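As a plain string of letters, each chain reads:
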Amino acid sequence: MRTALVAGNWKMNGDSAFISELIKELKVSTKSSDAEVLVCPPFVYLSEVKQALSGSAIKLGAQNVSQNNNGAFTGEISLPMLNDLDCEYVILGHSERRSLYAETDELVAEKFIATEKAGLKPILCVGETLEERESDQTLEVVGRQLKTVINAAGIEKFVNAVVAYEPVWAIGTGKTATPEQAQDVHAAIRAMVAEYDADTAAKLRVLYGGSVNAGNAAELFANEDVDGGLVGGASLKANDFTAICQAAGAQ
Ligand code: PGA
C-alpha cells in the first residue's frame, strides 16, 4: 500500500503576503487529507513557510539543491542548509532545471546521491519532450534519465525516493497526459525499477506532473501506478490544490 503524495511546486512565484494567506488556507483545508501533502516554496521563503506550517501535517520541500555541501558556489543552496530548515524532500532534475540550467542526467545523479546521503527524500523528475514522444522515444528517454541515477546511486538508495513522471509537453501548457498515457509510462517506470529490485519497485511512489488540476486529478490518480502528483500552477490556488489533495487521498 503506497500513501499518495501531492507536492506543490510553487516555482518562482509568490511573495510573503501571498504565501502566508495560502498556507493559512491549506493548513485548514488539507487537515483531514489522507494523502501526504508537501509544499516546495522558493528558497528564500522556506524559513517563513516552516514557521507558518507549525502544527500542521503539511511537509516542506525544496525545488533544487547543490550537490556540494559548502564552499565557493555563489548563489547555490546546500543540503545542510535545507536540513537546518527541516526540509524533508527535494525536487531534482525538474525539466526546467534540465532545459534552462543545463542540468545533465549525471549532475542530477550527483544531486540525488548527495540528497539521500543527507537524509532528505529526493523527488526525481523524468519526462520526454513533445518531439521525443512523437518519435516514439518516451521510454528510451525516461529510461535513460532514471537508470543513470539508479546506476550511479544504487537501487538501495531508492527506498525513500519518489519519482515524478512529468512529460515536458504537459508542464504549464494546459495539455495533460491522458490517464492511459500516464499509466503506461508509470507502469514502465515501475517495471524498470523492478529490473533492479522488485520490492523497491512495489513500494516506490511514482507521481504524475504536468497540468494537473482540480478537474483532471481524480482520473489521473485512479490509475494503479499513479501515486499522486507534482503540481505547479494549481498548487498556487488553495481551492484547486485542496481538491487535488482530496482526489489523491480518495484513491
Ligand atoms: P504544472 O507544473 O502543474 O504547472 O504543469 C508541474 C511541474 O512543473 O512540476
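Here the residue numbers are simple positions, counted from 1 along each chain's written sequence. Note on the predicted model: pLDDT of at least 70 is required for a residue's local features to be given, and 80 or more for side-chain atom pairs to be given and counted; whole-chain, interface and lining totals, by contrast, use all residues. The basis for the side-chain values is all heavy atoms of the structure; hydrogens and waters are excluded.

**What about the packing of aromatic side chains?**
Note on aromatic pairs: the rings of Phe, Tyr and Trp (six-membered ring only in Trp) are paired at centre separations within 6.5 Å, and the planes decide the class, stacked below 30 degrees, edge-to-face beyond 60, tilted for the rest. Overall, the coordinates contain 2 aromatic pairs when judged by the stated rule. A ring pair is formed by Phe 112 and Phe 158, whose centres lie 4.6 Å apart and whose planes are at 25°; its orientation type is stacked. Of this pair, Phe 112 sits in helix α5 (residues 105-117) while Phe 158 is found in the loop between α7 (138-153) and β6 (162-165), placing the two residues 46 residues apart along the sequence. For the residue pair Phe 112 and Phe 158, the accessibility class agrees, reading buried in each case. A run of H or I in DSSP counts as a helix once it spans at least four residues, and a run of E counts as a strand once it spans at least two, with each numbered from the N terminus. Think of it in three bands: residues with accessible area under 20% of the maximum for their type are buried, residues over 50% are exposed, and the middle band is partly exposed, with areas taken using a 1.4 Å probe on protein chains only.

**Quick notes on the pairing of strand β7 (residues 205-209)**
Where burial is concerned, most of β7 is hidden: 5 out of the 5 residues are buried. Any two strands between which DSSP finds at least two bridges are classified as paired. Taken together, the 4 bridges between β6 and β7 define a ladder with parallel strand orientation. Paired with Val 162 across the bridge in β7 is Arg 205. Taken together, the 2 bridges between β7 and strand β8 (residues 228-231) define a ladder with parallel strand orientation. Pairing of Tyr 208 across the sheet is with Gly 229, part of β8.

**Looking at the packing of α5 against α7**
Where α5 contacts α7, the axes come no closer than 9 Å and their chain directions differ by 45°. When the axes of α5 and α7 are compared, the pair comes out oblique. α7 is crossed by α5, and the crossing has right-handed handedness. Along its contact with α5, which presents Asp 105, Glu 106, Val 108, Ala 109, Phe 112 and Ile 113, the element α7 presents Arg 144, Gln 145, Thr 148, Val 149, Ala 152 and Ala 153. Classification used: nonpolar for Ala, Val, Leu, Ile, Met, Phe, Trp, Tyr, Cys and Pro, charged for Asp, Glu, Lys and Arg, polar for all others including Gly. Here the contact of α5 with α7 is composed, by residue class, of 7 nonpolar, 2 polar and 3 charged. Every axis corresponds to a line fitted to the C-alpha atoms, with the helix fit spanning only the stretch in contact, and the corresponding angles, defined between N-to-C directions, vary from 0 to 180 degrees. Roughly parallel means an angle under 35 degrees; roughly antiparallel, over 145; roughly perpendicular, 65 to 115; everything else is oblique. A clockwise turn of the near helix away from the far one marks a right-handed crossing, whereas an anticlockwise turn of less than a right angle marks a left-handed crossing. Residues are treated as being in contact if the distance between any of their heavy atoms lies within 4.5 Å.

**Description of the side chain of Gln 183**
Position of Gln 183 among the secondary structure elements: in helix α8 (residues 179-194). Within polar-contact distance, the side chain of Gln 183 engages the side chain of Asp 225 at 2.8 Å. Contacts of Gln 183, omitting those with residues within four sequence positions, involve Asn 223, Glu 224, Asp 225 and Val 226. Polar contact criterion, stated in full: a pair of N or O atoms within 3.5 Å, where within protein one must be able to donate a hydrogen and the other to accept it, and residues adjacent in sequence count only if both atoms are side-chain atoms.

**Some details on the sheet that holds strand β4 (residues 89-92)**
Taking strand neighbours around the barrel as the criterion, the 8 strands line up as β1-β2-β3-β4-β5-β6-β7-β8 in a closed arrangement whose pairing is parallel. Pairwise comparison of adjacent strand axes, ignoring direction, gives a mean angle of 25° for this sheet. The sheet contact formed by strand β2 (residues 36-40) and strand β3 (residues 59-62) spans 2 bridges and is parallel. Looking across to β3, one finds that Leu 38 is bridged to Lys 59.

**Some details on the site of the ligand**
A single heavy atom is enough: if one lies within 4 Å of a molecule or strand, its residue is considered near that molecule or strand. Residues in close proximity to the ligand total 13 residues, the closest being Lys 11, His 94, Glu 166, Gly 172 and Ser 211. With respect to the ligand, the backbone of Gly 232 contributes an N or O atom lying 2.8 Å from an oxygen atom. Between the ligand and Gly 233, the relevant distance is 2.9 Å, taken from an oxygen atom to a main-chain nitrogen or oxygen of the residue. Exposure was quantified through the Shrake-Rupley algorithm and a 1.4 Å probe, taking into account, for residues, occlusion by the shown protein chains and nothing else. Protein contacts shield 95% of the accessible area of the ligand, which totals 280 Å² for the unbound molecule. Residues belonging to the shell around the ligand are distributed by class as follows: 4 nonpolar, 7 polar and 2 charged.

**Details of helix α11 (residues 238-249)**
With 12 residues, α11 should cover 16 Å at 1.5 Å per step; its first-to-last C-alpha distance of 16 Å lies within 8% of that length. Residues of α11 that are buried: Ala 238, Phe 241, Thr 242, Ile 244, Cys 245, Ala 247, Ala 248 and Gly 249. Given a helix with a known number of residues, its expected span is that number minus one, times 1.5 Å.

**Observations concerning the pattern of salt bridges**
Between Lys or Arg on one side and Asp or Glu on the other, a salt bridge is scored when a side-chain nitrogen of the former is within 4 Å of a carboxyl oxygen of the latter. In total, this model carries 17 salt bridges according to the counting rule given. Across the salt bridge formed by Glu 88 and Lys 59, the nearest N and O atoms sit 3.6 Å from each other. Here Glu 88 is found in the loop between α3 (79-84) and β4, whereas its partner Lys 59 is found in strand β3, with 29 residues between them in sequence. For Glu 88, a relative accessible area of 22% gives the class partly exposed. Between Arg 190 and Asp 227 there is a salt bridge; the shortest N-O distance is 2.8 Å. With a gap of 37 residues between them, Arg 190 in helix α8 and Asp 227 in the loop between α10 (217-221) and β8 connect regions that are remote in the sequence. Each member of the pair Arg 190 and Asp 227 is classed as buried. One salt-bridge network, in which partners are shared between bridges, spans Glu 36, Lys 59, Glu 88, Lys 121 and Arg 205.

All we've got here are geometric facts, nothing functional implied.
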